[in-house]
Amino acid sequence: MLELLDINAGYEGSTVLRNVTLYVPDRSVVALLGPNGAGKTTTLRVASGLLDPAQGRIVLDGVDMTRWPPFARAERGMCLIPEGRGVFAALSVRDNLRLQSEPGSESDSIDRATQTFPRLGQRLNQVAGTLSGGEQQMLALARAYLANAKVVLLDEVSMGLAPVIVDEIFEFIDRLRSTGVSLLIVEQYVQRALDIADYVYVLNRGAINFVGEPQEIEGEAILESYLG
């Protein structure tokens, strides 16, 4: 289980998160929703180690990793897929996949990634920065699949993509879920997130103002009352 406990965090003296507590149980999908500027990305940055909290603890499987650097958290099974793709744009698709693989498993990893995203298999020798936005997102998402992660943090992975690509992305997320990985999802398509989530947290102005199951928050009027 991933636990964020009583987190306060921000940037250059400005507090963004206020006493945020959030749990991602094993083998579950948690949707973190909220209006723009609510602190959703900041929450994922704190969880992944890209931003140190001013207060609070981050615990994974009972181990306090609050002061651990990002690479140490990754070694323990945490994987962040950031907003805005997150690929090595100057390298080929093949080399991106090799870097995401465990040493000695590169060939098998490339096979797994291209079976999951056949489009990547057609572009192994292409420079990643020249891929379409959807293809770059597939390449970024492959990291979650190849890293054998325990917890995957997904930050707006469908942003700016065509509807048909969004469908493929969510099919992948569902497949990833079926492997037993836990997911913490920040997503602009609220209903899509609710459709796959086991639990929902709503963040507004840096504070959690709803915790529950998806059916408790479905419905346009209810959503608007929480999301603003």
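Coordinates for the structure precede this section.
All residue numbers here refer to positions counted from 1 along the written sequence of the relevant chain. Only residues with pLDDT of at least 70 are given local features in this predicted model, and only at 80 or more are side-chain atom pairs given and counted; all residues enter the totals for whole chains, interfaces and linings. As a convention, hydrogens and water are excluded, and side-chain values are obtained from all of the structure's heavy atoms.

Novice: Looking at this structure, how should I read the sheet that holds strand S6 (residues 78-81)?
Specialist: Strand-to-strand pairing in sheets goes through backbone hydrogen bonds, with the strands running parallel or antiparallel. One requirement defines pairing of two strands: DSSP has to find at least two bridges between them. Each helix corresponds to a stretch of at least 4 residues labelled H or I by DSSP, and each strand to a stretch of at least 2 residues labelled E; elements are numbered beginning at the N terminus. Here we have 6 strands laid out as an open sheet, ordered S6-S7-S8-S3-S9-S10, and mixed in their pairing. The strands lining the two open edges of the sheet, one partner per strand, are S6 and strand S10 (207-212). Along the sheet, successive strands turn relative to each other by an average axial angle of 15 degrees, direction set aside. With 4 bridges connecting them, S6 and strand S7 (residues 151-155) associate as parallel partners. In the strand pairing of S7, Ile-81 is matched with Leu-154. In what follows, a contact means two residues having at least one pair of non-hydrogen atoms within 4.5 Å. Throughout, an axis means a line fitted to C-alpha atoms (over the contacting stretch in the case of helices), and angles, computed between N-to-C directions, take values from 0 to 180 degrees. Sheet strands touched by helix H1 (residues 40-48): strand S3 (29-33), S6, S7, strand S8 (182-186) and strand S9 (199-204). Its angle to S7, the strand with the most contacts, is close to 150 degrees. Strands S3, S7 and S8 of the sheet are contacted by helix H7 (residues 163-178), whose axis makes an angle of about 150 degrees with S8.

Novice: Which parts of the structure should I look at to understand the packing of aromatic side chains?
Specialist: What describes a pair of aromatic rings is the distance from one ring centre to the other and the angle between the planes of the rings. Note on aromatic pairs: the rings of Phe, Tyr and Trp (six-membered ring only in Trp) are paired at centre separations within 6.5 Å, and the planes decide the class, stacked below 30 degrees, edge-to-face beyond 60, tilted for the rest. Within the structure shown, the criterion is met by 1 aromatic pair. Ring geometry for Phe-117 against Phe-172: centres 5.0 Å apart, planes inclined by 40 degrees, an arrangement best described as tilted. A residue pair is termed long-range when its members are at least 10 positions apart, and Phe-117 in the loop between helix H4 (106-116) and helix H5 (118-121) and Phe-172 in helix H7 qualify at 55 residues. Here the two residues Phe-117 and Phe-172 agree in accessibility, since each one is buried. The ring of Phe-170 carries the charged tip of Arg-192 above its face, separated from the ring centre by 4.6 Å. Accessibility here uses a 1.4 Å probe with only protein chains present; expressed as a share of the type maximum, an area under 20% marks a residue as buried, one over 50% as exposed, and anything in between as partly exposed. A positively charged side chain is recorded as over a ring if its NZ (Lys) or CZ (Arg) lies within 6 Å of the ring centre. The angle to the ring normal must also be within 35 degrees.

Novice: In this structure, what is going on with the sheet that holds strand S2 (residues 14-24)? I would like to understand it.
Specialist: The sheet built from 4 strands is open, its strands ordered S2-S1-S4-S5 with antiparallel pairing. Each end of this open sheet is capped by a strand with a single partner; those strands are S2 and strand S5 (63-64). Relative to S5, strand S4 (residues 55-60) runs antiparallel, the two being bridged by 2 bridges. For Val-59, the partnering residue across the bridge sits in S5 and is Asp-64. In the packing of H1 onto the sheet, contacts are made with strand S1 (2-11), S2 and S4, and the angle to S1 comes to roughly 115 degrees.

Novice: Can you walk me through the packing of helix H3 (residues 93-100) against helix H6 (residues 133-146) in this structure?
Specialist: When two helices pack together, their arrangement is captured by the angle between the axes and the distance separating the axes. As a packed pair, H3 and H6 sit with axes 9 Å apart at the nearest point and diverge in direction by 30 degrees. Compared by their axis directions, H3 and H6 come out roughly parallel. Along this stretch, H3 crosses H6, giving a crossing that reads as right-handed. Residues Val-93, Asn-96, Leu-97 and Gln-100 of H3 touch H6, and the partners they reach there are Leu-139, Ala-142, Arg-143 and Leu-146. Only Asp, Glu, Lys and Arg are considered charged in this grouping, and only Ala, Val, Leu, Ile, Met, Phe, Trp, Tyr, Cys and Pro are considered nonpolar; every other residue, Gly among them, is considered polar. Classifying every residue of the contact of H3 with H6 by side-chain character gives 5 nonpolar, 2 polar and 1 charged. The labels follow the angle: roughly parallel below 35 degrees, roughly antiparallel above 145, roughly perpendicular from 65 to 115, and oblique for the rest. Helix crossings get a hand from a simple test, with the near helix turned counterclockwise from the far one by less than a right angle marking a left-handed crossing and a clockwise turn marking a right-handed one.

Novice: What is the right way to look at unusual backbone geometry in this model?
Specialist: Negative phi characterises most residues that are not glycine, and trans characterises most peptide bonds. The backbone phi angle of Asp-6 is positive, close to 55 degrees, even though this residue is not glycine. For Arg-27, which is not glycine, the phi dihedral falls at a positive 55 degrees. Assignment of secondary structure puts Arg-27 in the loop between S2 and S3. You can call Arg-27 exposed: its relative accessible area is 59%.

Keep in mind that these numbers describe shape and distance, not what the molecule does.
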